[in-house]
Amino acid sequence: MTASTTDKQDSGYGRQETGERPNPRIPRPVSRILLNTTAEDHHIAKMAAVALGLTVLENAIPSPLPGVKPGLANIVTLIVLARYGWKVAAWVSLLRVLAGSLLFGNFLAPGFFLSLSGAICSLAVLALSLHLPARWFGPVTDSILAAFAHIAGQMTVVYLWLIPHSGIAYLIPIFATASLIFGTVNGLIAASFMDNTQQSPLPPGEG
Amino acid sequence: MLQHIKPGDYLTLLVGGLCTIWITVAVWSGGAADKAIIRSGGKVFREVPLSRDQQIEVPGPLGTSIVTIEKRRARITSDPSPRQYCVRQGWLQQAGEIAICLPNEVSVELTGGQKKYDSLNY
């Protein structure tokens with residue numbers, strides 16, 4: 001999706017990027033890394049940034065139990081999924097997890113792997129739930145299924161890696177209830193957003 | 001708000017809710033206990049059925065703890081430990097529940113048909 005090229009000043013290459021105007025105000029750097037990005041990349045980045053903002057927002061909300069979170073960022077994932085397809089949704093979701101972990105300083109820490117496993121399981125389930133007949137099933141179904149998959153993935157990682165004891169099964173009812181409630185709420189929010197704005201293709205990439 | 005919910009969504013909600021209730025019942029109802037395991041000094045002192053009401057005196061390093069079994073429940077009735085945590089814990093009735101008197105090294109654990117888990121494990 002993204003191709004990167006590095007070129008040094010003396011390598012003799014001209015400007016390699018296409019479709020972008022050179023900015024005369026920025027002096028030519030001594031060494032630079034160019035990412036040849038497409039409009040789709042920019043769009044994904046923007047969506048991931050919105051999801052990231054929601055993640056930050058929800059981290060400010062106190063939680064009675066670690067792991068019980070509204071998962072507001074998944075609203076973005078749901079909207080992107082419905083409008084641009086699974087691949088873009090996967091990018092947005094995984095980028096959000098990565099950037100969020102960098103932001104909160106838990107990259108490669110247990111919390112990061114919990115988020116990642118939850119996101120991967122959600123995306124796997126969403127890939128299946130996409131094939132449900134759209135006439136009968138809407139974003140609320142996707143959201144609930146993804147929320148359950150999310151917590152299932154997290155509990156699996158917790159059990160296999162962090163707390164290898166069946167005692168954590170006692171927490172499942174709490175997490176399942178939270179998944180059901182927050183999944184429904186997020187699905188409703190996503191559905192109302194999708195209702196207000198019409199379907200549109202990818203916007204022209206203005207950067 | 002409600003117009004965003006499609007018929008299948010109600011189905012998902014219903015199935016999800018039922019699954020949640022089922023999991024809650026399956027995980028949280030500790031199951032009927034039918035046996036009490038009394039330990040002293042880390043070793044099993046006696047295993048007694050809950051069906052018969054009785055009082056059992058369990059020796060420990062500080063003195064004697066008394067375990068009472070009554071109406072398919074069990075409790076530590078008296079104990080020489082200074083803070084009396086295990087006595088104040090009261091009646092145990094679900095499988096997996098446990099009362100421990102650490103100073104006197106006496107514990108009572110209820111078990112059911114299958115071994116359940118409690119917050120003290122791990």
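Residues numbered from 1 in each chain as written. Chains lettered and ligands numbered in written order. Predicted model: local features only at pLDDT ≥ 70, side-chain atom pairs only at ≥ 80, totals over all residues.

Observations concerning the overall build of chain A
Our working definition: Counting from the N terminus, the helices are the DSSP runs of H or I reaching at least four residues and the strands are the DSSP runs of E reaching at least two. Three exposure classes are used. Buried residues have 20 or more other C-beta atoms within 10 Å of their own C-beta, exposed residues have 12 or fewer, and partly exposed residues fall in between, all C-beta atoms being placed from the backbone. What counts as a contact here is a pair of residues whose C-beta atoms, placed from the backbone, lie within 7 Å.
The helix and strand tally for chain A stands at 6 helices and 2 strands. For chain A, the N- to C-terminal ordering of α and β elements is β-β-α-α-α-α-α-α. By the burial criterion, 32% of the 207 residues in chain A qualify as buried. Summarising the internal contacts of chain A: among those between residues at least 6 apart in sequence, 72% fall at separations of at least 24.

Re the overall build of chain B
Check the secondary structure of chain B and you find 2 helices and 7 strands. Secondary structure elements in chain B, listed N-terminal to C-terminal, are α-β-β-β-β-β-α-β-β. Counting over 122 residues, chain B shows a buried share of 25%. When contacts within chain B are restricted to residue pairs at least 6 apart in sequence, those whose partners lie at least 24 apart make up 37%.

What about the interface of chain B and chain A?
Short version of the rule: Note that Gly is not counted as nonpolar here; it falls among the polar residues with everything else outside the nonpolar set of Ala, Val, Leu, Ile, Met, Phe, Trp, Tyr, Cys and Pro and the charged set of Asp, Glu, Lys and Arg.
Across the contact, 20 residues belong to chain B and 25 residues belong to chain A. Of the residues assigned to the side of chain B that touches chain A, the class counts are 9 nonpolar, 9 polar and 2 charged.

Concerning the pairing of strand β3 (residues 54–59) of chain B
All names here are of chain B. Defined as follows: Any two strands between which DSSP finds at least two bridges are classified as paired.
Relative to strand β4 (residues 64–70), β3 runs antiparallel, the two being bridged by 6 bridges. Looking at β4, one finds that I56 is bridged to V67. Here β3 folds back onto β4, and the loop between the two strands holds 4 residues, one of which, G63, carries a positive phi near 155°.

Quick word on the pairing of strand β2 (residues 43–49) of chain B
All names here are of chain B. For β2, the tally of buried residues reaches only 0 of 7 residues, placing the bulk of the element at the surface. The pairing of strand β1 (residues 33–40) with β2 spans 6 bridges and is classified as antiparallel. Each bridged residue has a counterpart across the sheet, and for I38 the counterpart in β2 is R46. Between β1 and β2, which pair antiparallel and follow one another directly, the connecting turn spans 2 residues, one of which, G41, has a positive phi of 60°.

Some points on unusual backbone geometry
Glycine aside, residues mostly have negative phi angles, and peptide bonds mostly take the trans form. The phi dihedral of L108(A) is positive, around 65°, even though this residue is not glycine. What makes L108(A) exposed here is the crowd of 9 C-beta atoms within 10 Å. One non-glycine residue, E105(B), lies in positive phi territory at about 55°. Checked against the element boundaries, E105(B) lands in the loop between β6 (98–101) and β7 (106–112). Assessed through the 19 C-beta atoms surrounding it within 10 Å, E105(B) is described here as partly exposed.

A short note on the sheet that holds β3(B)
Residue and element names in this part refer to chain B. Threshold: Throughout, an axis means a line fitted to C-alpha atoms (over the contacting stretch in the case of helices), and angles, computed between N-to-C directions, take values from 0 to 180 degrees.
Judged by pairing direction, the sheet is antiparallel, and its 3 strands sit side by side in the order β3-β4-β5 without closing on themselves. Among the strands making up the open sheet, the edge pair consists of β3 and β5 (73–78). Adjacent strand axes in the sheet meet at a mean angle of 25°, parallel and antiparallel pairs treated alike. Here 5 bridges tie β4 to β5, and the two strands are oriented antiparallel to one another.

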